[in-house]
Amino acid sequence: MAVIHHTTLEPTKLELLTHWLPTRSWYQSASGAPELVKAGGFRLDDPEGEVGIEFLVAADSSGPRPAAYLVPLTYRGAPLDGGEAALIGTAEHGVLGRRWVYDGCQDPVLVARLAALIDGRAEAQAQSVSHTPDKEVTAARSTADPLPAGFAGAADAGEETRLSAPDGATLRLRRVLRAEPDGRPVVPPSAIGHVVGAWGLPDGARARGLFATVHPAAG
């Protein structure tokens with residue numbers, strides 16, 4: 001299970017994201033630099049123990065209305081081959097040293113582990129506590145067959161980032177999170193798998209919403 005080192009990271013994740021988020025097509029504020037706080041998220045384990053995997057929810061108060069963004073991140077001890085376009089930045093970890101921080105939607109390790117979570121082969125871990133499952137994260141598939149494998153080719157589409165499997169199925173990550181009024185997100189009828197997560201609102205309440213869905217190839 002994920003081991004969390006309570007130490008320094010320079011620059012911090014939010015400092016890196018302050019520069020990176022405005023370069024994304026789904027970023028919604030046009031008022032200048034984001035004003036970010038960590039609002040939630042969870043982690044997944046890399047079976048090889050080499051890559052840190054985190055799904056970070058960053059809340060931004062810079063616009064006319066508060067926004068929450070889902071930012072999957074990976075942390076590596078060496079550059080990802082062919083990952084130059086996915087690099088968010090580098091940071092110095094107080095225990096692990098230099099870390100290369102990537103947009104996880106473009107990191108094959110994170111994508112494979114997210115598919116494993118939806119498929120029931122992985123378990124969400126607490127964001128800030130070692131060896132602790134995150135019970136606020138729920139994942140399920142609605143088909144008896146295993147989900148497709150090999151999702152790749154991340155491309156932004158509106159408020160989502162979409163990846164395609166060789167059979168045409170799509171994995172869709174919600175970048176702009178929407179809180180469901182009753183805390184029970186409505187899964188699209190076409191979805192054959194999904195992830196629901198939680199995050200904090202500015203008033204201290206907890207919100208729940210869809211983080212990711214899987215859809216079969218179009219007929």
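In what follows, the structure referred to is the one given above.
Treat the numbers as computed from the prediction; the structure is a model and nothing was measured.

1. Section: the nonpolar core
Here comes step 1: One finds Phe55, Leu114, Phe151 and Leu171 to be the most contacted residues of the largest nonpolar core, which totals 36 residues.
Here comes step 2: For Phe55, the residues in contact, after removing those within four places along its chain, are Gly40, Gly41, Phe42, Leu44, Leu70, Val71, Pro72, Leu110, Leu114, Gln127 and Leu173.
Here comes step 3: Listed in part, the 19 residues of the second largest apolar core include Leu17, Leu36, Ala67 and Leu73.

2. A few points about the environment of Ala217
Here comes step 1: Assignment of secondary structure puts Ala217 in the segment after strand E12 (206-215).
Here comes step 2: Look at Ala217 and you get partly exposed, because its relative accessible area is 37%.

3. Describing the side chain of Thr161
Here comes step 1: Mapping Thr161 onto the fold places it in strand E9 (residues 160-164).
Here comes step 2: At 2.8 Å, the side chain of Thr161 forms a polar contact with the side chain of Arg175.
Here comes step 3: Excluding its chain neighbours within four sequence positions, the residues that come into contact with Thr161 are Trp26, Cys105, Ala154, Ala155, Asp156, Leu171, Arg172, Leu173 and Arg175.

4. With respect to the pairing of strand E11 (residues 193-200)
Here comes step 1: A large share of E11 lies buried, amounting to eight of its eight residues.
Here comes step 2: The alternating pattern of E11 places Gly193, Val195, Gly197 and Trp199 on one face and His194, Val196, Ala198 and Gly200 on the opposite face, and all of these are buried.
Here comes step 3: As defined by bridge partners, strand E7 (residues 138-141) adjoins E11 across four bridges and the pair is classed as antiparallel. Directly across from Arg141, in E11, lies its bridge partner Gly193.
Here comes step 4: By the bridge criterion, eight bridges tie E11 to E12 in an arrangement that is antiparallel. Along E12, the bridge assignment pairs Gly193 with Val214.
Here comes step 5: The hairpin turn running from E11 into E12, its antiparallel successor, is five residues long, and Gly204 in that turn takes a positive phi close to 95°.

Definitions and cut-offs
Residues numbered from 1 in each chain as written. Predicted model: local features only at pLDDT ≥ 70, side-chain atom pairs only at ≥ 80, totals over all residues. Heavy atoms only, no water. Core = buried A, V, L, I, M, F, W, Y, C linked by side-chain atoms within 4.5 Å. Buried < 20%, exposed > 50% of the residue type's maximum accessible area, 1.4 Å probe, protein only. Contact = heavy atoms within 4.5 Å. Helix = DSSP H or I, 4+ residues; strand = E, 2+ residues; numbered from the N terminus. Polar contact = N/O pair within 3.5 Å; in protein donor to acceptor, adjacent residues only side chain to side chain. Pairing = 2+ DSSP bridges.

Just geometry here; none of it tells us what the structure is for.
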